[in-house]
Amino acid sequence: MSKRLLRVSELLKRELGDYISKEFEFPGLLVSIHDVDVTPNLKKAHVYVGVNGDQREINGVIDDLTRQRGAMQAYLGKRVTMKFTPRLEFHADDSVERGVRVLSLLEEIADEDRKEEQELGMD
């Protein structure tokens, strides 16, 4: 990815994070923008949103954000000087959840290895 696209992505990520924290309320949920991936022609931006909730809550947050896409694009148009304001597409990002799952599996493997070593008297 070019430096320009990276800068635009980071700028959009920061501005969207600010907008969401000011304009939306998600009681009991932590909602954050994990990443923004802008297409090379700058016409579309894929926004990856992290939500600490079950699938129903995650879908609800994505639906709320999608319904307010026009307001967010207008906000970005005022805050960010670009020829085009990218069309926002929101996606649930489960990378943190997957990371936690991988860490717990690695922990289980390490526990099993320790048990085997103790049984064999190798500790």
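Summarised in this report is the structure supplied together with it. (Residues numbered from 1 in each chain as written. Predicted model: local features only at pLDDT ≥ 70, side-chain atom pairs only at ≥ 80, totals over all residues. Heavy atoms only, no water.)

### Observations concerning the sheet that holds strand E3 (residues 87-92)
Here's step 1: One open sheet accounts for three strands, arranged E1-E2-E3; its pairing is mixed. Unpaired on one side and paired on the other, strand E1 (31-38) and E3 mark the two borders of the sheet. On average, adjacent strands in this sheet sit at an angle of 25° to one another, irrespective of strand direction.
Here's step 2: Along the sheet face, helix H2 (residues 55-67) touches E1, strand E2 (44-51) and E3 and points at about 175° away from the line of E3. (Pairing = 2+ DSSP bridges. Helix = DSSP H or I, 4+ residues; strand = E, 2+ residues; numbered from the N terminus. Axes fitted to C-alpha atoms, helices over the stretch in contact; angles between N-to-C directions. Contact = heavy atoms within 4.5 Å.)

### Thoughts on a negative patch on the surface
Here's step 1: Taken together, the side chains of Glu107, Glu108, Glu112, Asp113, Glu116, Glu117 and Glu119 define an acidic patch exposed on the protein surface.
Here's step 2: Here Glu107 is to be found in helix H4 (residues 95-120).
Here's step 3: Exposure remark for Glu107: the relative accessible area of 54% places this residue in the exposed category. (Patch = residues over 30% accessible without salt bridge, like charges linked within 9 Å, V, L, I, M, F, W, Y side chains within 5 Å. Areas by Shrake-Rupley, 256 points an atom, 1.4 Å probe, with all protein chains shown as cover. Salt bridge = Lys/Arg side-chain N within 4 Å of Asp/Glu carboxyl O. Lys, Arg positive; Asp, Glu negative; His and termini not counted. Charge placed at Lys NZ, Arg CZ, Asp CG, Glu CD. Buried < 20%, exposed > 50% of the residue type's maximum accessible area, 1.4 Å probe, protein only.)

### A short note on the packing of helix H1 (residues 3-23) against helix H3 (residues 69-79)
Here's step 1: At a closest axis distance of 11 Å, the pairing of H1 and H3 adopts a crossing angle of 125°. Put simply, H1 runs oblique to H3. Considering how the two elements wind past one another, H1 and H3 form a crossing that is right-handed. Counting all contacts with H1, which are made through Leu12, Glu15, Leu16, Tyr19 and Ile20, the residues of H3 involved are Ala71, Met72, Tyr75, Leu76 and Arg79.
Here's step 2: Of the residues that constitute the contact of H1 with H3, the class distribution is eight nonpolar, no polar and two charged. (Parallel < 35°, antiparallel > 145°, perpendicular 65-115°, else oblique. Left-handed = near helix turned anticlockwise from the far one by under 90°. Nonpolar A, V, L, I, M, F, W, Y, C, P; charged D, E, K, R; others polar.)

### Re the nonpolar core
Here's step 1: Core analysis: the biggest nonpolar cluster contains 27 residues, and Val49, Leu65 and Met72 have the highest contact counts within it.
Here's step 2: Sorting the residues of this core by element identifies H1, E1, E2, H2, H3 and E3 as the ones contributing at least two each.
Here's step 3: When residues of this core are assigned to their parent elements, the largest contribution, six residues, is made by H1.
Here's step 4: If near-sequence neighbours (up to four positions away) are discounted, Met72 is found in contact with Leu16, Tyr19, Ile20, Phe24, Leu65, Leu88 and Phe90. (Core = buried A, V, L, I, M, F, W, Y, C linked by side-chain atoms within 4.5 Å.)

### With respect to the packing of aromatic side chains
Here's step 1: Counting across every chain of the model gives three aromatic pairs.
Here's step 2: When the ring of Phe24 is compared with that of Phe26, the centres are 5.6 Å apart and the planes differ by 5°; the resulting orientation is stacked. Phe26 matches Phe24 in its accessibility class, with the two residues each being buried.
Here's step 3: Through pairs of rings, three or more aromatic residues link up here, namely Tyr19, Phe24, Phe26 and Tyr75.
Here's step 4: In this structure, Lys43 is placed above the aromatic ring of Phe84, and the distance from its NZ or CZ to the ring centre is 4.1 Å. (Phe/Tyr/Trp six-rings, centres within 6.5 Å; stacked < 30°, edge-to-face > 60°. Lys NZ or Arg CZ within 6 Å of the ring centre and 35° of its normal.)

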